[in-house]
Structure formats: structure tokens, C-alpha cells
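Residue strings, one per chain:
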Amino acid sequence: MIDPTNTEPYFGSKDRNEAWISEAIWGHRLERQPFSALMLEFLGMAEGMFRQDKLLADTLPGENPEYVANRSLQLRNLLFNNPRMEEILRNAHGSDEDAWVEWLRVMKEGASLGEHLAADFSYLRGRFDTFGELVSVIRLLRRITVDPGSERSWTTQFLFPIGPAALYEAILEKGDGFERTRRVFTRTGEIAYLMLSRASEPLRAKIRERLAPSFNPATSRNRLVMRLISSPIPDRGDSKGGTYLPYKRHPAYERLAEDVAAVLCLKLPDQDSFQYLQPLLGFHLYLYGIETANCWLGDCRLPSITCEILAPRSDLVRKAAVGSYLQNDGLGAMAVRKFLKTNVFSDLDLAKTLENPALDELAKKEYLAEHLVRTVSLKKDMEATDAKMLTEKFYNFANRLYRDGTADGMTALATGCGLVSKRGTNRYRYAPTDELLRALVLANVRTPMEESAFLRHLHSRYRMVVGPKEAKAELLTYQFDETDFKRNRDRFAQHLIGMGLAQRMSDSCTYIMNPMESQT
Amino acid sequence: MAVRTKGEKWIRLLRGYGPVADNEAMQAEHVDKLASHLAIPKLAFAHPARKLLLDCFPPTGAYRNVVLTGTAGEGKTSLCFELVYALTNSVAKGSNGVEEISINTPIGPRKITLIYDVTAWRKKTDGLLSKEHVAVLERMAESSFGAGQEFFVLAVNDGQMHEVFRALPPDAPELLRRLETSLIGLHARGESDSGDRLRLVNLSMVPSEEIMNLCLAAVLERPEWQCFEEERDNPLFSESSSLSRNYRTLNTPEVRSKLVMLARIADVTGHHLPTRGVLCLLSNALLGHPDARDRVIRPGAEATAIGKEGAAHKAALHRTLFGANLGVNNRRKREIYRFLSMLHIGDETTNDLDELFIFGSRDQELKASYDELVATDPFSQRNPDFDNLLKRYIRGDINSEDETTLFLAELAAERRRVFLQASNLQLQKYSLWRISVFHHAREYLDEILKPLEAGKSPARLHLRKLASGLNRIWTGLLLADNANEVYLATGLDLTTSPVSDIYLSQLELDAEPPGLAIVRKEAGSVPEVVLRSNSNEFRFQLTLPRFEFLCRVADGAMPSSFSRESCADFMSLKQRCLRDLRLKTSSRSLHLIDVHGSGSIQRLPIHIAEQ
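Here we summarise the structure given alongside this text. (Residues numbered from 1 in each chain as written. Chains lettered and ligands numbered in written order. Predicted model: local features only at pLDDT ≥ 70, side-chain atom pairs only at ≥ 80, totals over all residues. Heavy atoms only, no water.)

Now for the overall build of chain B. When you go through chain B residue by residue, the secondary structure sums to 27 helices and 15 strands. Relative to its 611 residues, chain B shows a buried fraction of 56%. Carbon and sulfur atoms make up 50% of the accessible area of chain B, which totals about 26300 Å². Averaged over its 76 positive side-chain charges, chain B has a centre that lies 3 Å from the centre of its 79 negative ones. (Helix = DSSP H or I, 4+ residues; strand = E, 2+ residues; numbered from the N terminus. Buried < 20%, exposed > 50% of the residue type's maximum accessible area, 1.4 Å probe, protein only. Areas by Shrake-Rupley, 256 points an atom, 1.4 Å probe, with all protein chains shown as cover. Lys, Arg positive; Asp, Glu negative; His and termini not counted. Charge placed at Lys NZ, Arg CZ, Asp CG, Glu CD.)

On to the packing of aromatic side chains, then. Overall, the coordinates contain 42 aromatic pairs over all chains when judged by the stated rule. When the ring of Trp20 of chain A is compared with that of Tyr244 of chain A, the centres are 5.9 Å apart and the planes differ by 40°; the resulting orientation is tilted. With Trp20 of chain A in the segment before helix 1 (22–26) and Tyr244 of chain A in the loop between strand 4 (236–240) and helix 11 (251–264), the pair connects residues that are 224 residues apart, well separated along the chain. For the pair formed by Trp20 of chain A and Tyr244 of chain A, the shared burial category is buried. The interplanar angle of 5° and the centroid separation of 5.5 Å between the aromatic rings of Trp225 of chain B and Phe228 of chain B together place this pair among those described as stacked. Like Trp225 of chain B, the residue Phe228 of chain B is buried in the burial classification. Connected via pairs of aromatic rings, a cluster forms that spans Trp100, Trp103, Phe121, Tyr123 and Phe131 of chain A. Here the basic side chain of Arg337 of chain A rests over the ring of Tyr395 of chain A, its NZ or CZ set 4.3 Å away from the ring centre. Lying across the ring of Tyr428 of chain A, Lys422 of chain A places its NZ or CZ 4.7 Å from the centre. (Phe/Tyr/Trp six-rings, centres within 6.5 Å; stacked < 30°, edge-to-face > 60°. Lys NZ or Arg CZ within 6 Å of the ring centre and 35° of its normal.)

Our next topic: the state of the cysteines. With the rule as written, the count across this model stands at one disulfide over all chains. For Cys295 of chain A, the disulfide goes to Cys300 of chain A, at an S-S distance of 1.9 Å. As the torsion about the S-S bond is roughly 50°, the Cys295 of chain A-Cys300 of chain A disulfide counts as right-handed. Residue Cys295 of chain A is classed as buried on the basis of its relative accessible area of 3%. Cys509 of chain A carries a free sulfur, and the closest cysteine sulfur to it, the one in Cys80 of chain B, is 19 Å from it. On the accessibility criterion, Cys509 of chain A (1% relative accessible area) is buried. Not part of a disulfide, Cys567 of chain B finds its nearest cysteine sulfur in Cys577 of chain B, a span of 15 Å. Judged by relative accessible area, Cys567 of chain B falls into the buried class, the value being 11%. (Disulfide = S-S within 2.5 Å.)

What follows covers the pairing of strand 12 (residues 528–533) of chain B. Residue and element names in this part refer to chain B. Most of strand 12 is tucked away, with five of its six residues classed as buried. Two strands pair when backbone bridges link them, and strand 11 (residues 516–519) and strand 12 are joined in this way by four bridges, in the antiparallel orientation. Residue pairing across strands places Ala517 opposite Val530, the latter belonging to strand 12. Bridge count for strand 12 against strand 13 (residues 536–541) is six bridges, and the pairing is antiparallel. Bridging across to strand 13, Ser533 finds its partner in Asn536. Adjacent in sequence and paired antiparallel, strand 12 and strand 13 are bridged by two residues, among which Asn534 carries a positive phi angle near 50°. (Pairing = 2+ DSSP bridges.)

Looking at soluble globular proteins, one finds that nonpolar side chains tend to be buried together. Of all hydrophobic cores here, the largest spans 172 residues; its most connected members are Trp103 and Leu141 of chain A. Ranked by the residues each element gives to this core, the list is headed by helix 12 (residues 272–296) of chain A, at 13 residues. Setting aside its immediate chain neighbours within four residues, Trp103 of chain A contacts Leu78, Asn82, Met85, Ile88, Phe121, Leu124, Phe131 and Leu134 of chain A. Val153, Val268, Cys280 and Phe438 of chain B belong to the second-largest nonpolar core, a separate cluster that totals 146 residues. (Core = buried A, V, L, I, M, F, W, Y, C linked by side-chain atoms within 4.5 Å. Contact = heavy atoms within 4.5 Å.)

Taken together, the contacts link 48 residues of chain A with 48 residues of chain B. In this assembly, chain A packs against chain B so that about 4000 Å² is buried in total across both faces, 50% of it on carbon and sulfur atoms. The largest share of the area that chain A buries against chain B comes from Arg221, Arg223 and Met505 of chain A, three residues that together contribute 14% of it. For Arg166 of chain B, the salt bridge is made with Glu450 of chain A, and the minimal N-O distance between the two is 3.1 Å. Linking chain A with chain B are 15 residue pairs in polar contact (both at pLDDT 80 or more), by the criterion used here. Those elements that place two or more of their residues in the side of chain A that touches chain B are helix 7 (131–142), helix 10 (220–226), helix 12, helix 17 (434–444), helix 18 (451–462), strand 10 (502–506) and strand 11 (509–512) of chain A. Of the residues belonging to the side of chain A that touches chain B, the class tally is 20 nonpolar, 13 polar and 15 charged. (Buried area = accessible area lost by both parts, 1.4 Å probe. Salt bridge = Lys/Arg side-chain N within 4 Å of Asp/Glu carboxyl O. Polar contact = N/O pair within 3.5 Å; in protein donor to acceptor, adjacent residues only side chain to side chain. Nonpolar A, V, L, I, M, F, W, Y, C, P; charged D, E, K, R; others polar.)

The next subject is the pairing of strand 3 (residues 177–180) of chain A. Residue and element names in this part refer to chain A. Pairing of strand 2 (residues 171–174) with strand 3, which is carried by four bridges, proceeds in the antiparallel orientation. Considered in strand 3, the bridge of Lys174 is made with Gly177. Taking the residues between adjacent antiparallel strands as the criterion, strand 2 and strand 3 are bridged by two residues, where Gly175 takes a positive phi near 60°.

Turning to the side chain of Arg198 of chain A, a few remarks are in order. All names here are of chain A. By the element assignment, Arg198 lies in the loop between helix 8 (188–197) and helix 9 (201–211). Within the structure, Arg198 has its side chain in polar contact with the side chain of Thr59 (distance 3.0 Å). Excluding anything up to four places from it in sequence, Arg198 contacts Asp58, Thr59, Leu60, Pro61, Arg204, Leu245, Pro246, Tyr247, Lys248, Arg249 and Tyr253.

Let us look at unusual backbone geometry. Negative phi values dominate among residues other than glycine, just as trans dominates among peptide bonds. At the junction of His28 of chain A and Arg29 of chain A, the peptide bond is cis and its omega measures out at -5° in the coordinates. Structurally, the position occupied by Arg29 of chain A is in the loop between helix 1 and helix 2 (35–51). You will see that Asn89 of chain B, though not glycine, has its phi angle at about 65°, which is positive. By the secondary structure assignment, Asn89 of chain B is in the loop between helix 4 (76–88) and strand 2 (98–105). Unlike most non-glycine residues, His344 of chain B shows phi in positive territory, near 55°. Here His344 of chain B is to be found in the loop between helix 17 (335–343) and helix 18 (351–359).

Residues and elements named next belong to chain B. One open sheet accounts for three strands, arranged 11-12-13; its pairing is antiparallel. What marks the edges here is a single partner per strand, and that holds for strand 11 and strand 13. Averaged over all pairs of adjacent strands, the angle between strand axes in this sheet comes to 25°, irrespective of strand direction. Sheet contacts for helix 27 (residues 564–580): strand 12 and strand 13; angle to strand 13, the most-contacted strand, approximately 160°. (Axes fitted to C-alpha atoms, helices over the stretch in contact; angles between N-to-C directions.)

If you want it as C-alpha cells, here you go:
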């Protein structure tokens, strides 16, 4: 997987990165973002590609797939930068004319539409019979605000993706215009898109077919949104790209694509499948992260994930779940070290130079500093008296960079998707939520599957450990307790039965069922 | 322990069915041994599935292959023995768990191989089935999907069935895999026939109610109970013994029918009560005693000692029936007690009932009801100390936490006693189901199941209540509590939005065919709700928990705060319902639902202007 033939170097400039280490291992980049932004960014890119007729077309690491995202500025002003609307409606005391005039004036002063659009919302008068009708549509749309109550500014507030016009990019106000921000859409959603674009073609075709209707501008929901936008198509920003996923092939790509395709094939009404895709995207990105790290450390399989199904009190399962999380959490930092050893410090010329007795310490340090710039595009000038000190400082720096960037991003993914939580304790551990379990059942179960077969499947596919059989194979003897893991398995079945995802036939037989599969 | 009298032998046998050492009486083989040792017949009845099995081997010779499945103690082995006897008129040999018999039929000789002890039969090598056994299964698959004169009966509990197929070698032939998928499909879907040469008889599908009736008769109608007359000098059988009191209590029509009712509840809540579980329940109900060494009375010295103590009320039926004499672990192991504890009988209550229990004897207005319902205690089941506790409670003398706990536990036990001995009429009059988790169980049994059994639809009133519950859960709005139609609505973002007020369609209860109906596929199965729109329909099982949830929501409970699990269940039903009824928002306008004060709705159109 990490073989040089399976990767291609980054195509773009690395000027804006402090160094190119995590990026070379996991891509540019996995970083913390509000969890909801993951799917919105993913869908935004997919929609942009759809318009270019390139939805899920094959990509390579060395390419730069660019797209243009919607901005939908009028819509966003109406929804999130329109605080006086209700007050104006009230104060007009039923006079429609007064309300329109006052409101249009207020919007002219307060709305922020950048260089290309005028703050003139009078087109709405022709579209709505009354001001009250406009207000009711805006109220309706405001109800599907993503993460309601978040303190984000109006330019980074989003709508549930009910149509292409409701999918727009995160921006920040800058002077009279706007600039793109990579703090909310951190490219992690684009990484998810790129992963899918490198899955096998039959899967991509399936996903393409099922995803495309969500980008159809003619649906009633999208037309409802478009009623608030003056032009026949939403306004858009500049072309964007620069996201990098290092590997041509990776087991995580196919795994993600299979699950996404399975959920989309359930033919759920409207956008209901997004509800399940969201946790799955996070889950698979996290798996990609730890699997890649593990591979850099010499084991190209997923590391095992011991899951506690929320227990009333601490037992050995919880200990194992905490331990398993900590272990996997540590893989990344070791992978970074390994990467640096292989790609930076194993260089023969470097070794020769550092051992050259004819050179003084300063010269050796200078050489090393240049070498770091060459190999990992290090920007920062590090104070050091000699090469040894610089090496140490550099390792620490790389570790910090990883901790604040990719590691933090992975934690956000794992907690966001519901795989990891602190519920009932003060430490992170694998304790999948009911929502994640539901998504996994929907993605993996076609015909009724006996419980132990399902547990085996979860193990062989995601290396998730829930029941005693898998635990025995994965855990060290002192971590393993048959009774505790049996209870864990019982809780698992109990949760699924409660959610209508399983049916107990007898003490010794429970079927896991996908309730959405019973389509005739 | 030397067993002497006839009565004691009978108790010794009955005890063997109880919650004593783990595996006793689990297997037909064991009971046979015990029964022959004691020289009295084991408990027996004609199993309801017997006909299903024998039908597969008609005199014409048109046989089928049969897989007989069910939980341990369901009677699989006994049924195989009976089949052998019915076909050959000779007793099964039963060696090594395999039996081969040859029958001459009008269409030629037939060979039948019965495998009724899979654990003994299959010897795994490296975790896989041996070649020889794979070959047997292969022959079974060939016969199931092809022709041939050889037939098989495989008796296996459902967990083992999966294990056997899991232990097939990876290169197992295609036909065998087909057998696997067919059987698992039949099992999971609750069906029985695949083609005309393969039948799955799942004993767990036999209604628990039937099993309960048969077990009650098998236990209570034994001639050995004459011991109460013949051996009355034995403290175990004296009139004041717990056994005698419990036997007489259990034998009243109220208690017997109550147990049958509970068995029905088991089926409609997704629990099946296997024969062994029911026998265990009855055995413990009669013989359980907290003072016995292993919590079940053993005839002999122990029984005598316990009898002398005179604390029969400690082992009263309303305690032993729920397993109060057993340890928590012992109860938790058994599905039947898990089921009973899930019902929480006696743990819930209403103000009216508590008032009656506590002040009934002291209040003129309540006196008549109290005498009818609470004071009745023909077999001295009530804790004689309870009145004293009650007095202390009323006076406010109960202060310590221990005593409070004791009082509450005794009050709960008292509720259980009254619940058990109440007649059907009393259940209704005093709303006694309110002391359980299923407040609406009586409505479910009497107003939904009963009419369906008579081939009629449940009354409109109840359909309206269900419709109203569905409306409130599925729209998240406080709609009228007696609806005439089911509103199908969606949220702008998700169909499962907590508030779904975009109107899609409405299903009229009065339409032809009705938009909402309750039907039952076959006797004993869980009824189904059918929702119809245009020519599409969507069905879901109306289990008791779902019915309870709908009723409570219709009565005003908040869907998501009452039970998150049930709420999620109904959300997933809604998703499927909207998908299967193929309902879409109109492309010209959206209709928002606005609720009037009365709970009726108004539709506010939002036009989607053409651009």
C-alpha cells in the first residue's frame, strides 16, 4: 500500500504548509472540522463534479481535480443575515407594502453580497404574493439549519442538503468581499470524495447512479430554495482544488464505497440515506487513518478495535476498549517517526555528511536543515547548535504538528461518527453508538444474518471486536474475560433488538435484520 | 435420599423439571431415566407439532425431508421417537443419536435417516465437519432439491443448525449451500416449506398459549395428586403446606387462565416459551421455597422440616411463580423468568389501586371493593404480617430505609397476588394491567386479538386510537386524539424529522379498502397493521410493545421521552412506509400542516413558482 509505485507526489505548491509529513502519509488533509461539515464538503465536491459531468470519475494522486462550489449568497443572507425580518413583519401591522419597503431598505444596508451581486432583494416581491409568505418560506428553511444553535458566523452556517442550491461552500467576510476558509471545510470531506473516486468502477457506477438524483436542480425541494435566489442557477465561487490523497489503491477505498453503495441501494425516500452516510463517512475515514498508520509500521491490516457496548459499570471489556483505543491512537505518532526515519534520515548523503569529521557542527546542522527543506518542505527555522539538537527538535516539531493536525482530526472523526466516546468515563474508548450500529447494519446486512455470523463479519471487515470469540483471538489473556465479553455480546444483541434490527429466535439464536431490505 | 411413598416419587419427578441443577430434565433422555428409576410415567402430552411432522410422512409415500428445530427442551427428540413409533410400530433405539428405518410404501421402499442428537453425531476435525457427515448432509440436500428414495429428519436446536452449517468445509458443494440458505431463510422468515420435499418445523413457532395449556393439564391433572388425600399426614402434603396451598391456588380457573394469558403475552412481545421453560415455571411455582436448600423443596427430611416451620406464605404462589425464591442469576438464566420480569407485574401502580390496597379496609367507600378484590384469600397466600406493616405505614412509624424497602416490596407482592387471583372481569373493572408495564394489555387481548380470532376487524374506536398514536409519532405534532385518518408527512430534511409537517397524503379509515386495518395472517401469529395508499400497501407487526406505545402516545405521552427505543422503531417503520407506499412531495407546491387547537389540521400551501 505504501509502496512508492502506489503513490504519486503532490502536484501543487506546499508553500502554505509548515511541513509535508502527515500530508505525505494520510493526505492533504485530515483535520478537525465540525462533524456535519464532513458530509457537506463531500457532497459539495460531488455536486461540483456532477456539474462537470465527472461525478466519481477516476482520479490519481498526482492529479488536481478542481471544481466550482456554490455560494448561494442571496439565500444565505436571507436565512442567516436577516435578523430583523420577523420584527418588520410584526411592526407593519398587516400592511404588506410597508413591510416590503422597510425590509428591502434594511436588507440594502445590512446584507453582504460581495462584488458580483447587488444588495437588492426586490426580485422577491414578484415571486411572493405577500411578505408574510416570504417569511414563512424562510422560517421553513431555517428549520433545517445544520447544527442549530452553533455560534458560527452567518457565512459558515449551513442547510441540510435538500438540493444542489442548498450545498454551498464555507466562506469568511473579507473587506467588501469574501474569502474561502479551510477552517470549516478542512478538505477532509474532499478526501472522502477522492477515496470514493478511486474505488472500483462497478461500485462507483452504482453510487453515481444513486447519488445523482440528489443533485438534480429540478426537485421540488431545490426549487423551493431557488425561489430565494434571483438567478436561474446559484452564484458560485472560483474553481478550487489542491486536495491530495497519496495512494492510488487502498483497501479503505473499496470498503467505503461498498458501504456507501449498500446504503444508497436501499432506496430510502428523499435524502434519508444521508443520515446514515454521515456516520459511515467518518467511520471509514478513521479506519483509513489507523490502517494507513499501521501499514507504515509494517502491518498492512486494520488494527483491531475492541468495542464496548455501553455497560452500566466498568469491566474488562471497558478496559480492553480503552486500551485498544489508546494503542490505535498511538499508531499515528509512530508512523510519523517511521516515515521520517525512512524518508528523511535514511539518506546516504546525509549520513555521510553528518559523519564527516572535516565539517564542523554548524555546517552539519546547516546541511541537515537544508535536507529537511528538501525532503519534507520544512518552513520553520529551528534554533539549534548542532545537528543532533536539530534532529531532536525536528522530531518534536513533527510530533506536535501531527498531534494538532491529523491526530486531532482523527479523534474528531471517531467521536463524530459515534465510534469513540467518553460516555460514563473520563477516557476515550471504542463504544459505538446506536446510530453507528444502525448504519453498519444497514450497510452490511442483506438477508437475515445470524448474530455470530454478523459479529464475525464485523470483525473480518472492520476488525471490530464485540463478542467473546473474536476477543479471544485478538486480546492478550490477561485482558480477556469470557463472561464480560459474553455480556458485551448480549448487550449488543439487546440494543439491536430494541432498535428493531434483530430478532431473537431462542436463547441460542438471534437474527440481525436490515429492516429496510424487506422491499418487495 | 431414599424415596418412599408414591406422592414423594411424584414430587421427585416434578422437581426434576424445576430450576434445579443445570441440565436435569433438559433432555428427553434424562427425564426418561429419572421416570424409569422412579417407576412413574414422565409428564406427557401430544405435541401440537406432532401432526406437522407426521404429515411429512403420509401413507402414500410422498415423503418430505424435515428439519425439526426449536430450543432445548422443546421436545424435538421426543417427537422423533414418536415418529419412529408411528411409522414402524416399534420403539426407537436411539443409539448414537442416529436412527435409520426402512418403510415399504405404495410407491416403493423408502429409507429414512433420523439424526436427533447432532452434538453426538457430528465429529468435527479442525473445526470442520468430517467428510462422512458432510456426505450425509449432501445426500439430504440432494433429496431436498431433487428426487430419490432416501429421506432425512434432522432434529437440531436453532443455534446448532447455524453451527453445523458454519462447520462445513469451504469447498462444500453448491447444493449444500443451497440447503443452508433455504433453511436459514425459512427459519428467519418464520416459514416452513421450500418446494415439496423440504419442510422446516420450528417448534418455537407453536403458540406459547398452546404449550401452556398442555403443560398445565399435564402437571395439574396427574392422578398422583391424590397424595393430598392419601398422604395428608406427611407434612409435605398437609393442607397447610405451601405445596398444597399453591396447588389449589394454581388450580383455580382464574390463575390457570391468567397463566395462559401470560403465555399469549409472551408470543405478542416476541418471547417464546418453550415446553421446558413452562414446566420449569410450574414446577417451581408449586415446589419453590426460599428456605429449601436449593430453593426447591426436596421430599423427605427437608420437606418435613420446612412443613413444621409453618411459614408457607413465604412460598406463596404469587412469589414462586415469579421466581422470588430463586437467586437473581438463576432467574436471569431462564428465558421464562426474563420474560416475567420484563412485564414488571406489581412494580407499577396507580393512585386508585394503592389507595384501595392501603386504605381499603379502613374506608367505607372502598370497603366493598376491598372485600371483593383484596381481602379474598381462600388459600392463605397473603403475608399474615402485611396488615401490621400497613398499620405502621399509615401511622407513619416506618422510618428506616430497610423497613421502607420491605414495605414497598410487600406491597408489590400484594399487587401480584391480587393480579393473579383476579377474574377477567376484575382485571377490567380495576384496570389491573396498570400494575404492569403494559397498561393496555387488556385492550390488546380483548379488543384487538379477540375480534381477529372471531374473524372480525377490531372496533373502529380502537383503530382511531391507533391512527391517532401514529399521527402523533409520525408528524411530531399534537394532533387529535381520535383520528379518522392517518396523516403521512415528512420533514423538509428527513422523513424521520422529529417534527414532520410537510403533508404527503392521508389514509382514510373509511375508504374502501380502508386506509388502516388490522389483520392476522394465521391463528396464533402476531397481528399486522396494514396501511394502504392507491394500490400500494405497507404492513408491520402490531406487537404488544408497539400497541402500548401507540396507545400511550395517543393518550398524551411524549413519543421521544416515553421510550426512545420505541420511537426509533416507529421512525424506521415510517421510513419504510413512505418508501413502500411510494409517496412523494408534489412538484408544484408543498403543503405545510398547521394544527388547530382541537387537533384537527389545516394545510397551508407553499407554491414553488416556475422559474
